[in-house]
Every structure is written in C-alpha cells, then in structure tokens.
Protein chains: 2
Amino acid sequence: MAKGKRATLSDVAKSSNVSKSTVSQYLNHRYEYMSAETKARIEAAIDELGYQPNILARSLKQKTTATIGVIVANLLHRFSTEVTRAIEDYCHHHDYHVIICNTDEDPSKEKKYVEMLIAKQVDGLIIVPTCNNMELYQRFVDDHYPVVFLDRKMEGLPLPTVVMDNIGSSYICTSHLIAHGHERIAIMTPPRHISSRAERIEGYEAALRDHGIPIRPEYIKSTRIDEAIPELARMLTLEDRPTALLAGNDLILMEVLSYMMENGIRFPEDIALVLIDDVNFTDFLPSPLTTFEHPVGRMGRKAAEMLLDQIKSGQTTASPDSQLVVFKGSLHVRKSCGGPLPEPLAFLQGEEENGTDPNERQANEGSL
Amino acid sequence: MAKGKRATLSDVAKSSNVSKSTVSQYLNHRYEYMSAETKARIEAAIDELGYQPNILARSLKQKTTATIGVIVANLLHRFSTEVTRAIEDYCHHHDYHVIICNTDEDPSKEKKYVEMLIAKQVDGLIIVPTCNNMELYQRFVDDHYPVVFLDRKMEGLPLPTVVMDNIGSSYICTSHLIAHGHERIAIMTPPRHISSRAERIEGYEAALRDHGIPIRPEYIKSTRIDEAIPELARMLTLEDRPTALLAGNDLILMEVLSYMMENGIRFPEDIALVLIDDVNFTDFLPSPLTTFEHPVGRMGRKAAEMLLDQIKSGQTTASPDSQLVVFKGSLHVRKSCGGPLPEPLAFLQGEEENGTDPNERQANEGSL
DNA sequence: GTGAAAGCGCTAACAC
DNA sequence: GTGTTAGCGCTTTCAC
C-alpha cells in the first residue's frame, strides 16, 4: 500500500508466474478449477507484495460500486445520526458502503452532492430532501434512478419514501394534553414548508377539532429556530396564554427550555410541555418530560432495505402508486402533565408499523 | 444520468463531431486553443445527452481521488459528529470529498475500514484510532501513507497527531474543585488503555499532588460504561465518600446523572460535579453544571489541514519528531461547586492554542 | 485547434 | 486449470 508504488494485479501475476485472469479468479474466490499450487503461489505473491486490489478499477469495469450515497439535512442532529447509523449497519451487513453528506437544508448543496455522488457512480441514494429541488428530483423519476426519500414526502413525485406518521404523532400528543384537561394548547415548529412539520400542525388541529376545541391561530407558530424565543415570549404574554405547549421537534424544545429556564418558568407547573420527538436528556430535566418516540433506527433500516432492493432488482418502482412507508411512534409519558389523569388513554397509544411489506401501509397515517 | 445508459464522453464526442480528447479538454476547462464554435457544440451535446463525467474513470487514470477517509469511534457521540463536521467543511472548501466510517472501538472493524478506504484509493486518512492495531498503524509509517491521528496518541508511532490537552484539562478541573474547598475528589473515566483517558487521570493526580492532597485509589475508577453505575454506588457508600466527582467524559456523566436522579442525590448539594467535556443539555439540568470545553471543531479542521498538506506536498513527515498538535480547552463555570470561592482562580484558565505552526507546540501539554 | 493512440487496474468471455 | 484478449470511461502525450 506504499504511496505511489502500490502493487497491481499485474505485478502479482508476474511475480507468481500466472496470468492476470488467474489472479483475478483468485481474488474473486473462484478457486474451483485452480490447482492448490497456483493458489498458494498467488497467495504468497500477494502478501509478499502487500497487494491490495484497486476497487476503482473493478467498479469501472463492473459498472457498480457497491456504494450508496446518503444525504441528510445536518449530521449534528439526532435524527440524522441515528438514521445514518442504521443505514450504515444495514449496508455494512450487506457489503455495501455508504457515503454521507450534509445539505444544511441548502438546496444548492443538495444538488451539488447529488451530482458528485452520481459522478462517483454510487448505486443509489437515500435523501432527506430539502424539498426545494424539484427538477433534480424529477430527474430521478425520469431516469429511473434508484433513490429513497426519507422523513419528508413530496406531492406528485412518484418516488419511494419512508416517513413517520407525523399527523398521528401530533394527534396523540395533543389528545394526551386534552385528556389531561388542557384546552389552551399551543404548538411550535420550524418553518412548515416541509411535510413533516406541516403534518404535525395538521395532527394537532385534527385533535382539537375532534374534541370540539377551537383552533386559535395565535397558538400556532412555525418559526425559524432563531425566532422561536421571541415568538414564545409573545405567546406567553397573551391574556389567555396557553396552559400547554407542544414542541414540534428537538431544536424547538431546546429553545423553549432555554427561555423557560432563563425566566423561571417551570413545567409542568406553569405550563405543560410535550415534545413530539425525543432527546437524550429527558431524564435529567428538573421535571421528566413527556415525549413521542419514533422508530428512527427502523426507518433508516427500512430505507436502506428498499434502496438495496431497487438496486438489486433493477426496479425503481417510479410509478404513480409508488411506495410510501409510514412508521408510527409512541407516546412516552414521563410525568403527568398537570391535569387529572395519570396516564394517557389506552386508545391513544401509537401502534408500531410491522414492517415487512411496504405497500400494505400506504397512507395509513390517516387512520386515526 | 439514466440508469444503465448514461452518456459517456465518447457519446458527447460523437454527437458534437469532435474527438474524445477535445471533449476532455473542455471538461477540464482548457478552452485556450478551442474555437468558440467547438466549445458551443460540445456544450450543447453535453446537456442534450445529460452527460455527467464518470469520476471513477478519471481517478483511475489520475491516480488520485480527491477524497479522504475519516474513521471515528462512533458517530452517535458528540465529539465524532462535531469533528467530522469540521473536517467535512474544511474539505468541502478545498474540493475534497470525505467518506466517514465508524469503528465502534472495534479493532477488526478499524482494520477492515482502513483496508476498504485504501482499496477505494482515498488520498489519505484521518483516524481516531482504537489503539489496538499496531501493525496496521506501523504500515502507515512504513509506507509513508498520508494519515493524521486524532484525539488519541500512541507512543513510538511517528505519525502526525492532533489531540487535546487532557492532562491540563483535568488538572484545571481538579484544581477548580480544590480551590472550592474539596479534598475528597473522585474521578471516573472509561477504560484507560486509551491515552486521552489515562491523561485525564494523570492530570487529576498531578493537581492533587501539587496541592498536597493524597491520592486515593478508591476514588479513581476507570470502568466500562455499563459498570459505571455499580462502581459509583460503591464509591458513594465509602465511609469517607468523595465530596466531589469528576466525570471523565459525556457518557460517564450520563451514567452518573442517571444514578443520581434515581437516588435523589443532588449536585452540588450532595456532591459537587464537574464534567471534563461538554454536552448540549448543561443549561437544562436542575443545577447548571460546570464543564470543560474543548475546541473540537478546530481540532477537526486542523487535522484536515494537516492531512491535505501531506497529500499535496507528498510529505508524510513520518519522522521521529513528527508533529503533535495539542489543543487546550477552557473551564466553563456554570455554578459554584459547593465551596467558598465563586470563580476559578485566574491562572487556572486554559489557554487557546494559537494554531499556525504545528511544530511549535509540540508536547506543550506538560507546561502547566 | 484538434485527433489518434496508449494506458490507468481490473474483469470476463472464450480459447486452449 | 490457465492464458489471451478486449474493454470499462477517462486523461494525456504527441502528431498533424
């Protein structure tokens, strides 16, 4: 492996007095018709020269790299690390390699990475899309390029997609608060142009509606992270300020907690708090926090599975009725939220996706 | 980019009635001697065919991939994500790509990934080593392979290394506790066969020694994460149990907090707590936690810089006096730790590495 | 200004 | 059982 003078297959062939093809056979474990002696000679030459195959050359020839690309929003976030971890494990297990990239929610970076990964000849892509590159996504379907979308769905784009049941998650969290006696419930999410966020608001509204509670726009905030605190402050000075707050994801929660800590606002005493998501420090908070856990690892695994299936079968299923796999999460009650009932009502518990045939659970997020 | 029928440079050449070499010139922006007309024809052909170059073929020819490999212990941990993030940003900026792998502290995985990355012809490697693959590491020096070690150093291996000043960090944290009146101070780290952990204990012992406080082995625990809680429990039942505890890293802290929460042990009231590291939830704990912050991002950046320098210069500096770059962190006091003094003594504050010439700060971790 | 030709390191028919 | 040959898609002299 010495720099600039790595041995090649050719060198091995020379050094062991056989032809390149024989060495190639050896490398690909096709020993069947190979004399034990040849095999031994090749073996010896290989480790004498410290030979390591050049995968690039092999890939060029075989037109397949056994590598997939994964494009996530930001590796500093929990969802991304967990999901990529699961994808990696699955791929590793199936002898695929993974190249991970960050978009930072920037469509131009997304485009750039997609192009570079394709140039690098990855066999397929798993993407948490910025949702702002329609022409790019459209090319996937036109070209039947193997791809799986993750966490966010896009209307009118017949591409296999793995998401969580955001509407359901939010519905359950909201209902939990309602069941505990809350009526003035607020929700905060990052900007809602992305399906997962819009859906969380949708589920929230559905729960209110189903319980005959009026929907009040001043309780619904979709803001950039850096504007979350002022928005929250504003909301809490309303005459009839909310008695409960749904944090739309981990980042929003951190902002909310910062603000509350700084201003001596306690939960659940001053305001009930539920996180539609999960963080690793719930147990260490002054009061344990109720969260909603999604099977992120399983989602990643499923996405990887779907992608490798496409790659291996050559079927990209880019059809109008393409796959949509929805995973359900479940409420994790760590503390009564200030109301009378100690536990969530049984029917509100989320069910787990059972995860074998993706087609069967198409669009079941409407089934609450 | 259509699957199985991507256009090649050859196709572009045909379609625009020029030779492959001319197209290649075009792709490499060597327009100098190219007629505007030819250029236009090639341009047209390229986007008509949706041509995308095949980087594999180029790399095979050029014997360089503009890609580096990064091998970290576990992407689920903060240090790894931050450091890889910084590496990526730096590389992205210098038109290098990055492939990230996880060892999970498993030497066999480490070996496997190193080999696969080399087979993929990466131009160099940044590694947080498991420290259990000496033959592998030795090969790097023998072969002058461009590599930078990160976070952990290994005796007798003349390879460029970027670490933090663990001894100093720990010394400062310990001194901080001493300055606040503590004498019975304990420390817990993961297993100490890895330099960073051994050094944290070393710094702790140095601080005690310098203050004339006896070192008591029963206050020093290096345990596997899953044995941290029982060890802690044992320590806290000692007759003269410690009044202060240094958590050797984030994982240990989580265990400690779990145990404390569960048993109603408060900090700093029942025991003072300082983390030689950082976590993202310090501000949300029941009592703010004093931590020691390391410039992880800058470490990653520096490692990337050193690697790209090696790659570009062809110098691997695998000499006995190879580079050792040490970064210092600084104490972040969030709460008085139970003793009389409200602030750490000024001379205990860590200094920042100023980071231009790596050689100048060789071994300055002994300079406390 | 542009083209022909060789070759990067490997695989895969197909001969022998 | 093993060797010959062609070629993957690109770059790069060196002619013309």
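As the structure is a prediction and not an experimental result, all values here were calculated from the model.

1. Topic: helix 7 (residues 134-143) of chain A
Residues and elements named next belong to chain A. Those residues of helix 7 not exposed but buried are Leu-136, Tyr-137, Phe-140, Val-141 and Asp-143. Where helix 7 is buried, its residues contact helix 6 (107-119), strand 3 (124-127) and strand 4 (147-150). With its phi angle positive at about 55 degrees, His-144 sits one or two positions after the end of helix 7.

2. What about the sheet that holds strand 7 (residues 220-222) of chain B?
All names here are of chain B. The strand order 7-6-8-9-10-12 describes an open sheet built from six strands, whose pairing is mixed. Across the chains shown, the open sheet's two edge strands, defined by having one partner strand only, are strand 7 and strand 12 (330-332). Each neighbouring strand pair of the sheet contributes to a mean axis angle of 20 degrees, computed without reference to strand direction. Taken together, the three bridges between strand 6 (residues 185-189) and strand 7 define a ladder with parallel strand orientation. Among the inter-strand pairings, Ile-187 is bridged to a residue of strand 7, identified as Ile-220. Packed on one face of the sheet, helix 11 (residues 250-262) meets strand 6, strand 8 (244-247) and strand 9 (272-275) and runs near 155 degrees to strand 9.

3. With respect to the packing of aromatic side chains
Tallied over the full model, the rule gives nine aromatic pairs over all chains. With centroids separated by 5.6 Å and ring planes inclined at 55 degrees, the aromatic side chains of Tyr26(A) and Tyr31(A) adopt a geometry described as tilted. The exposure class assigned to Tyr26(A) is buried, which follows from its relative accessible area of 11%. A relative accessible area of 28% places Tyr31(A) in the partly exposed class. Measuring from centroid to centroid gives 5.2 Å for Tyr137(B) and Phe149(B), while their planes differ by 80 degrees, and the two rings are edge-to-face.

4. A few points about the relation of the copies chain A and chain B
Least-squares fitting of chain A to chain B yields an RMSD of 0.2 Å, with the transformation described by 0.1 Å of translation along the axis and a rotation of 180 degrees. When the rotation and shift are considered jointly, the pair of chain copies conforms to a two-fold rotation axis. Interface overlap between copies: 100% of the residues of chain A at the interface are likewise at the interface in chain B, consistent with a symmetric, same-surface contact.

5. Some thoughts on the nonpolar core
Formed by 90 residues in total, the largest nonpolar core has its most connected members in Phe281(A) and Phe281(B). Those residues within four positions of Phe281(B) in sequence are excluded, and the remaining contacts are Asn280(A), Phe281(A), Phe284(A), Leu253(B), Met254(B) and Leu257(B). The next biggest cluster of nonpolar side chains, apart from the first, holds 56 residues, and it includes Ile87(A), Ala303(A), Val72(B) and Val296(B).

6. Digging into the protein's contact with DNA strand C
Among the 25 residues in the neighbourhood of DNA strand C, the closest are listed as Leu9(A), Lys20(A), Tyr51(A), Tyr33(B) and Thr38(B). Taking the atoms of DNA strand C that fall within 4 Å of the protein, sugar and phosphate contribute 67% of them. A distance of 3.0 Å separates a phosphate oxygen of DNA strand C from a polar atom in the backbone of Asn54(A). In the model, a phosphate oxygen of DNA strand C is placed 2.9 Å from a nitrogen or oxygen of the Arg58(A) side chain. Counting residues per element, the ones that place at least two in the surface near DNA strand C are helix 2 (20-27) and helix 4 (55-62) of chain A together with helix 2 (20-27) and helix 4 (55-62) of chain B. Per-element tally for the surface near DNA strand C: the top contributor is helix 4 of chain A, with four residues. For the surface near DNA strand C, the residue count by class is eight nonpolar, 12 polar and five charged.

7. Looking at the UniProt feature "domain: HTH lacI-type" (unreviewed entry) in chain A
With numbering matched to this structure, UniProt assigns "domain: HTH lacI-type" (unreviewed entry) to residues 7-62 of chain A. The span residues 7-62 of chain A is 68% helix and 0% strand, and its two end C-alpha atoms sit 21 Å from each other.

8. Some words on helix 4 of chain B
Buried within helix 4 of chain B we find Ile55(B), Leu56(B) and Ser59(B). Down the axis of helix 4 of chain B, the buried side of the element spans an arc of 100 degrees, and every buried residue falls inside it. Turning to helix 4 of chain B, the residues buried within the fold contact helix 4 and helix 6 of chain A. Regarding helix 4 of chain B, its N-cap is Asn54(B), as a side-chain oxygen of that residue lies 2.8 Å from the backbone nitrogen of Leu56(B) further along. Immediately beyond the C-terminal end of helix 4 of chain B, within one or two residues, lies Lys63(B), with a positive phi of roughly 60 degrees.

9. Section: the protein's contact with DNA strand D
Within the structure, DNA strand D sits among 24 residues, and Ser21(A), Tyr33(A), Thr38(A), Leu9(B) and Tyr51(B) are positioned closest to it. Sugar plus phosphate: this is where 63% of the atoms of DNA strand D within 4 Å of the protein reside. Note that a base nitrogen of DNA strand D is positioned 3.4 Å from one of the backbone N or O atoms of Ala57(B). Residues of the surface near DNA strand D, tallied by class, amount to eight nonpolar, 11 polar and five charged.

10. Quick word on the confidence of the model for chain A
Here chain A averages 88 in pLDDT, and 88% of its residues register 70 or above. Note on residues 336-368 of chain A: pLDDT under 50 across the span, and 75 contacts to partners over four residues away in sequence or across chains.

11. Concerning the interface of chain A and chain B
Facing the 55 residues of chain A at the interface are 55 residues of chain B. Surface buried jointly by chain A and chain B totals about 5200 Å² across both partners, of which 60% is contributed by carbon and sulfur atoms. Here chain A is connected to chain B by two salt bridges. Residue Arg85(A) is joined to Asp104(B) by a salt bridge in which the shortest nitrogen-to-oxygen separation is 2.7 Å. At the junction of chain A and chain B, the tally comes to 12 residue pairs in polar contact (both at pLDDT 80 or more). Contributing elements (two or more residues each) for the side of chain A that touches chain B: helix 4, helix 5 (78-93), strand 2 (97-102), helix 6, helix 7 and helix 11 (250-262) of chain A. Counting residues per element, the side of chain A that touches chain B draws most heavily on helix 6 of chain A, which supplies seven residues. Split by residue class, the side of chain A that touches chain B holds 28 nonpolar, 14 polar and 13 charged.

Rules used in this analysis
Residues numbered from 1 in each chain as written. Chains lettered and ligands numbered in written order. Predicted model: local features only at pLDDT ≥ 70, side-chain atom pairs only at ≥ 80, totals over all residues. Heavy atoms only, no water. Buried < 20%, exposed > 50% of the residue type's maximum accessible area, 1.4 Å probe, protein only. Helix = DSSP H or I, 4+ residues; strand = E, 2+ residues; numbered from the N terminus. Contact = heavy atoms within 4.5 Å. Pairing = 2+ DSSP bridges. Axes fitted to C-alpha atoms, helices over the stretch in contact; angles between N-to-C directions. Phe/Tyr/Trp six-rings, centres within 6.5 Å; stacked < 30°, edge-to-face > 60°. Least-squares fit on C-alpha atoms with pLDDT ≥ 70 in both. Core = buried A, V, L, I, M, F, W, Y, C linked by side-chain atoms within 4.5 Å. Near = heavy atom within 4 Å. Polar contact = N/O pair within 3.5 Å; in protein donor to acceptor, adjacent residues only side chain to side chain. Nonpolar A, V, L, I, M, F, W, Y, C, P; charged D, E, K, R; others polar. UniProt positions renumbered as here; feature names shortened; annotations may be inferred. Arc of directions from axis to C-beta. pLDDT = per-residue confidence, 0-100. Buried area = accessible area lost by both parts, 1.4 Å probe. Salt bridge = Lys/Arg side-chain N within 4 Å of Asp/Glu carboxyl O.

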